[in-house]
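# Structure assessment
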Amino acid sequence: MNFPILSSITFLPLIGAFFVFLTKSESNQVNKGAIYVSLFTSFANFFLVLFLWYSFDKSSPNFQFVEEAVWISGFIKFKFGIDGISILFILLTAFIIPICVISCVNSIKNRLKEFLIAILVLETFMIGVFCSLDLVIFYLFFEAGLIPMFLIIGIWGGPRRVYSAFKFFLFTLLGSVLMLIAIISIYWITGTTDVTEIYKIKIPAEFQNLLWLAFFSSFAVKMPMWPVHTWLPDAHVEAPTAGSVILAAILLKMAGYGFLRFSVGMFPLASEYFTPLVFTLSVIAIIYTSLVALMQDDMKKLIAYSSVAHMGYVTLGIFTFNKQGIEGGIIQMFSHGLISAALFLCVGVLYDRAHSRLINNYGGVVNILPKYSFILMIFVLGTLGLPGTSGFVGEFLVLVGAFKVNFLVAILASIGVVLAAAYILWLYKRVIFGKLENNQIKEMKDLNKSEMGVLVSIGILVIFFGFYPEPLFNTVNVSVDNLINNYNMEINRLSVLK
Amino acid sequence: MINAIYFLIPEIFLSLSVFVFIIFGVFKKNSFDLIYKATIIIIPVVIFLILNNNFENIKIFNNSFALDEFSSFMKILILVSSFFVLIMSKKYIQDIKNNKFEYPVIMLIAILGMFFMVSSNDLILFYLGLELQSLSLYILASIDRDNLRSSEAGIKYFVLSALSSGLLLYGCSLLYGFTGSTNFQVISNNVGDINIGTIFAMIFILVGLAFKVSAVPFHMWTPDVYEGSPTSVTSFFAIVPKIAGIAVFIRFMYSPFQNILDQWQYILVFISIASMILGAVAAINQKNIKRLIAYSSISHMGYAIAGISTGTESGFKSTIIYILIYSAMNIGFFAFVFLMKRSGKYIEDINELSGISKNHPLAALSLLIVLFSLAGIPPLAGFFAKFYIFMSVIESGMYALAIIGLVTTVVSAFYYIRIVKVMYFDSPKKPFENFKNYGVYGSLIFSCIFLSSFFMYPSIFNGIISKINIF
């Protein structure tokens, strides 16, 4: 058996968290040991993932690096494996976590050690979600992420943190329990919870709709789709910067990944049947939450609503079932992971200095923080999907895919692009330009080295993938083809039967 | 006949040591400490004796006493949980000045009664075991006799439990009248034809059993008794009699009543759903941690009964795993409750835990693990307990039960994470009194390690449990 690289990247952060746990802080404030250990772990994991990406065979549609072990004897095997879609998310996760570690060193003032432990444990669970090829293992990691995130929001959050943490926890838990019922039902229908086996066995058509809805209830809450998105703005506003970054960049993507891997992969028939529902919800999400975002006076809330709108494009893209749409959805998730993370970091930069997230408190920042304003510009343009940023690639492809399938939906979704430009540019205008009125801002210092390094590295990636998205397409191409082929075969087979 | 005595060695050893302890305690003053330690020591000895008993599913004394894997497993579980309860509650008993030598002895008698309950294959033996256990529990509930609340709890428990025992006995006599035997196998054979008398008997017995495991609608005593009794007794009540109760429940449903599954299935489904919902909803507003755990145990019993209500083999095995993990979780929970002591007094108010994670980070982390496990959040053991239950429930096609059960886990998650909120999100108060208590620490650590490492190999008990057969 080969070296179990997937288990290593999954459980390395957990081991790192254990060592962080063992470190002793020199004083109440400083804990260098914990910072070094978590930096080392997260970077080591990132390089391992880069190596994984490098050694990943991009021309094969099969699951690679498969690991299997007996887990619950007689029932369930522990099964890990990745394809082109999952490796992209693993890459994103492993990239975002070191950034969170660096950023929280600046912004977290109390209980830094516990915070780092929570982040590393969360990394384990998130990578586990993207690696697992067994429904029960997937559910395990999917739900387990709630515990550290609940603590991150609740302990280090803002004034309304208790309400937000509870809302986050209970909303997502309620969504997920139905998925558990569906998973167990699948076990009794097909005799296995191994995803690759289920792809082969195929779930009978009469069960698909209900099972799809059960999975949908979980993913829709997590995604989040309108109308169950209300936990997200609360959670984002109250969470500390690093928490928001993880939430926006990775946790939301678990749902998108779930749609691709499970909803579309296992229930093609039901996916087709429910496409109008998903389209409707996506379009509502795109237009409605963009309008809501326009009216926000809290920067984080604005970005949170824009996340909901951007996730609307993702669901729209996935359920077009053509290559442009699905690849667009995946690229959109990847790029939103980078851009929203960067935007939250940028808000965090201001918040650390002026302790306010209200747009009205700012204005004229460009005079004081020129570097910051320039870098924020990149991400603002990325959010509105300007050509040359990664945001454009995803949105464009999703719209192309949508035009192929449904003209009306595509037109409506295009309105979202205009609205996105409106709310994000207006935000930029109100915060960065205008008169310098707040005295607090006058004393602010420009970006320090670590903030600069973090934001610039994300900025470079956003622009790089905007001009040259080939590496991303290259990775997902074969897997997406495979997904679409399976989907079409299944649809055709059943239509012939009818 | 006389050979059968050999199979009873654990029980005989247990009763002999009870006699020795009583006589010793009567003649020697201040012997609490010694007898307590001796009790802790003899429990592993009894475990060893049970494990040493090699037999294969036999029934002795005119088929009235069943020795099988099921009873051995349950007895060992009872002993292990009592062991933890004893080692963690010693300091507490001394602190509330309740160090009478009768305390551990009565606990041993209760355990002896549970042994006979678990092994019973006959109505008479079952009833004797049950009463031996119940009478000991009445005394335990009111052992702090100068405390009004403890006496009240004892009386309350006695009156209600005596009523339920009466119903149970009535059911037993009806069953004997209609089937002509007190032996479970004979009853099982004769009960087959639909007969209104046996169904009456079955319902009376169900009521009694539901009372003993505090399932809704026979749960009213639980919060009061849990709150009123000394915490050491509450921890015993919450764990050990529940194991025995569920064991007897399983034996009744799968042995004498196995042929009238369609008669009792829906009753159990109702009991299960009602317990889950009431346990989840009523706990939300509780401020006292012992009342909270009382409601929590009601809802947990709902899940355990959901497993039994399937009437399948996988159902009762999932119930066994459930009760095992339930005991481990409650051991951890009560170990923490024994730590809650400030300026010489034990506290029970949840709000007093405020900010405890700053003062006692490790203890708070342990309770966090226990609470998330109680809420059934993966990857902790509590999730697997529920997972196995719902596996078997859905296997039997009872989707409504599964959906209601899982939705109530969300409701009950609310009050568990409320404690987490108090511990972690609120501002700190004074630290607890620090006392070196290896029993409490040991139990807490054992429980946490068990709960948090269970996911690595969740089939660890499947090997043992797969050997257990339906009777």
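A few points on the structure. (Residues numbered from 1 in each chain as written. Chains lettered and ligands numbered in written order. Predicted model: local features only at pLDDT ≥ 70, side-chain atom pairs only at ≥ 80, totals over all residues. Heavy atoms only, no water.)

This part covers the overall build of chain A. When its secondary structure is counted, chain A shows 22 helices and two strands. Against the globule reference of 23 Å for 498 residues, chain A gives a C-alpha radius of gyration of 22 Å, in line with a compact fold. Relative to its 498 residues, chain A shows a buried fraction of 65%. For chain A, the proportion of contacts with a sequence separation of at least 24, taken over those separated by at least 6, is 81%. For chain A, the exposed area adds up to about 17,200 Å²; of that, 67% sits on carbon and sulfur atoms. (Helix = DSSP H or I, 4+ residues; strand = E, 2+ residues; numbered from the N terminus. Rg over C-alpha atoms; globule rule 2.2 N^0.38 Å. Buried < 20%, exposed > 50% of the residue type's maximum accessible area, 1.4 Å probe, protein only. Contact = heavy atoms within 4.5 Å. Areas by Shrake-Rupley, 256 points an atom, 1.4 Å probe, with all protein chains shown as cover.)

We now examine the overall build of chain B. A tally of regular secondary structure across chain B gives 20 helices and four strands. Taken over C-alpha atoms, the radius of gyration comes to 21 Å for chain B, in line with the 23 Å a tight globule of 471 residues would show. The principal-axis extents of the C-alpha atoms in chain B amount to approximately 65 × 60 × 40 Å. Residues classed as buried in chain B amount to 66% of the 471 residues present. Across chain B, the fraction of contacts at a sequence separation of at least 24, relative to all contacts at a separation of at least 6, is 82%. As displayed, chain B has an accessible area near 16,300 Å², and 66% of this comes from carbon and sulfur atoms.

Residue and element names in this part refer to chain A. As a packed pair, helix α4 (residues 112-131) and helix α6 (residues 146-156) sit with axes 9 Å apart at the nearest point and diverge in direction by 155 degrees. Classified by the interaxial angle, the pair formed by α4 and α6 is roughly antiparallel. Every pair of crossing elements has a handedness; the one defined by α4 and α6 is left-handed. Contact with α4, carried on its side by E114, F115, A118, I119, V121, L122 and F125, involves P148, M149, I152 and W156 of α6 and no other residues of that element. Here the contact of α4 with α6 is composed, by residue class, of ten nonpolar, no polar and one charged. (Axes fitted to C-alpha atoms, helices over the stretch in contact; angles between N-to-C directions. Parallel < 35°, antiparallel > 145°, perpendicular 65-115°, else oblique. Left-handed = near helix turned anticlockwise from the far one by under 90°. Nonpolar A, V, L, I, M, F, W, Y, C, P; charged D, E, K, R; others polar.)

As a further point, take the pattern of salt bridges. One side chain can pair with another of opposite charge once the charged atoms of both are near each other. All names here are of chain B. Here the structure, examined in full by the defined rule, presents 28 salt bridges over all chains. One salt bridge in this structure joins D95 and K341, with 3.0 Å as the shortest N-O distance. On the criterion of sequence distance, the pair formed by D95 in helix α4 (residues 69-95) and K341 in strand β3 (residues 341-342) is long-range, its members being 246 residues apart. Overall, K341 belongs to the buried group, its relative accessible area being 7%. For K290, the salt bridge identified is with E348, shortest N-O distance 3.1 Å. A residue pair is termed long-range when its members are at least 10 positions apart, and K290 in helix α13 (residues 289-309) and E348 in the loop between β4 (345-346) and α15 (356-359) qualify at 58 residues. In terms of burial, K290 and E348 fall into one category: buried. Salt bridges sharing common partners tie together R149, E152, K156, D224, E227, K290, R291 and E348. (Salt bridge = Lys/Arg side-chain N within 4 Å of Asp/Glu carboxyl O.)

It is worth spelling out the interface of chain A and chain B at this point. Listed per partner, the contact involves 36 residues of chain A and 39 residues of chain B. With both chains or domains summed, chain A and chain B bury close to 3,500 Å², and 84% of this area falls on carbon and sulfur atoms. For the interface between chain A and chain B, the tally reads zero salt bridges. There are four residue pairs in polar contact (both at pLDDT 80 or more) connecting chain A and chain B. Those elements giving two or more residues to the side of chain A that touches chain B turn out to be β1 (64-72), α5 (135-144), α6 and α7 (161-190) of chain A. Here the side of chain A that touches chain B takes 16 residues from α7(A), the largest share from any one element. (Buried area = accessible area lost by both parts, 1.4 Å probe. Polar contact = N/O pair within 3.5 Å; in protein donor to acceptor, adjacent residues only side chain to side chain.)

Glancing now at the side chain of S89(B). Residues and elements named next belong to chain B. Relative to the helices and strands, S89 resides in helix α4. S89 sits in the buried class, given a relative accessible area of 0%. In this structure, S89 is in contact with Y36, Y103, S232 and F338, ignoring residues within four places of it in sequence.

So, on to the packing of helix α13 (residues 275-294) of chain A against helix α19 (residues 407-432) of chain A. Residue and element names in this part refer to chain A. Contact geometry for α13 and α19: axes closest at 9 Å, N-to-C directions at 20 degrees. The orientation of α13 with respect to α19, classified from their angle, is roughly parallel. As for how α13 packs across α19, the hand of that crossing is left-handed. Across from F279, V283, I286, I287, S290, L291, A293 and L294 in α13, the residues of α19 making contact are V409, L412, A413, I415, G416, L419, A422, Y423, W426 and R430. Per-class residue counts for the contact of α13 with α19 are 15 nonpolar, two polar and one charged.

Glancing now at the nonpolar core. Counting residues in hydrophobic clusters, the biggest one holds 388 residues, and the most contacted among them are F215(A), F379(A), F236(B) and F336(B). The element best represented in this core is helix α14 (residues 313-339) of chain B, accounting for 18 residues. Look past the residues within four positions of F379(A) in its chain and what remains in contact with it is I339(A), A342(A), L343(A), C346(A), L455(A), I458(A), G459(A) and V462(A). In this structure, A4(B), I60(B), F65(B) and L67(B) belong to the second largest nonpolar core, which totals six residues. (Core = buried A, V, L, I, M, F, W, Y, C linked by side-chain atoms within 4.5 Å.)

Right, let's get into the pairing of β1(A). In the case of a regular strand, side chains alternate between the two sheet surfaces. Residues and elements named next belong to chain A. Bridging between β1 and strand β2 (residues 76-82) involves six bridges; their strand directions are antiparallel. Of the residues in β2, the one forming a bridge with V70 is K77. Hairpin connection of β1 to β2: three residues between the antiparallel strands, including G74 at a positive phi of 85 degrees. (Pairing = 2+ DSSP bridges.)

All names here are of chain A. Following the sequence through the fold, S60 ends up in the loop between α2 (32-55) and β1. On the basis of relative accessibility, which here comes to 15%, the residue S60 falls in the buried class. In terms of polar contacts, S60 uses its side chain to reach the backbone amide nitrogen of N62, at 3.1 Å.

The subject of this paragraph is the packing of aromatic side chains. For any pair of aromatic rings, the description consists of the separation of the ring centres together with the inter-plane angle of the planes. Residues and elements named next belong to chain A. Inspection of every chain in the model, using the stated rule, returns 75 aromatic pairs over all chains. Both rings, one in F89 and one in F130, keep their centres 5.3 Å apart while their planes meet at 20 degrees; by these two values the pair is stacked. Of the two residues, F89 sits in helix α3 (residues 84-107) while F130 sits in helix α4, which places them 41 residues apart along the sequence. Take F89 and F130: they sit in the same class, and that class is buried. Directly above the ring of F142 sits K222, whose terminal nitrogen or CZ lies 4.8 Å from the centroid. Positioned above the aromatic ring of W426, the side-chain terminus of R430 is 3.8 Å from the ring centre. (Phe/Tyr/Trp six-rings, centres within 6.5 Å; stacked < 30°, edge-to-face > 60°. Lys NZ or Arg CZ within 6 Å of the ring centre and 35° of its normal.)

Below, the discussion takes up α14(B). An ideal rise of 1.5 Å per residue puts 39 Å on 27 residues; α14(B) measures up with 40 Å between its terminal C-alpha atoms. By the criterion of burial, α14(B) is predominantly enclosed, with 25 of the 27 residues buried. (Expected span 1.5 Å × (residues − 1).)

On to a nonpolar patch on the surface. Residues and elements named next belong to chain B. A cluster of nonpolar side chains, I5, I12, L16, F19, I22, I23, V26 and F27, forms an exposed patch at the surface whose accessible area comes to about 780 Å². Per-element accounting of the nonpolar patch gives the leading share, seven residues, to helix α2 (residues 9-27). When you line up the elements, I23 lands in helix α2. (Patch = residues over 30% accessible without salt bridge, like charges linked within 9 Å, V, L, I, M, F, W, Y side chains within 5 Å.)

With that out of the way, let us pick up the environment of P428(B). Residue and element names in this part refer to chain B. Residue position: P428 is located in the loop between α18 (399-424) and α19 (438-453). On the basis of relative accessible area, P428 is assigned to the partly exposed category, the value being 41%. For the pair P428 and E352, spaced 76 residues apart in sequence, the C-alpha separation works out to 9.3 Å.

For the rest of this paragraph, the subject is the environment of F73(B). Residues and elements named next belong to chain B. Along the chain, F73 turns up in helix α4. Spatially, the C-alpha atoms of F73 and L51 are 9.4 Å apart, while their sequence positions differ by 22 residues. With residues up to four places along the chain from it excluded, the contact list for F73 reads I320, L324, I464, I465 and I468.

The next thing to look at is unusual backbone geometry. The omega torsion across W226(A) and P227(A) is 5 degrees, close enough to zero to call that bond cis. Note on placement: P227(A) falls in the loop between α9 (205-222) and α10 (231-238). A cis amide bond links V216(B) with the next residue in sequence, P217(B), at an omega value of 5 degrees. Within the fold, P217(B) resides in the loop between α9 (196-212) and α10 (221-228).

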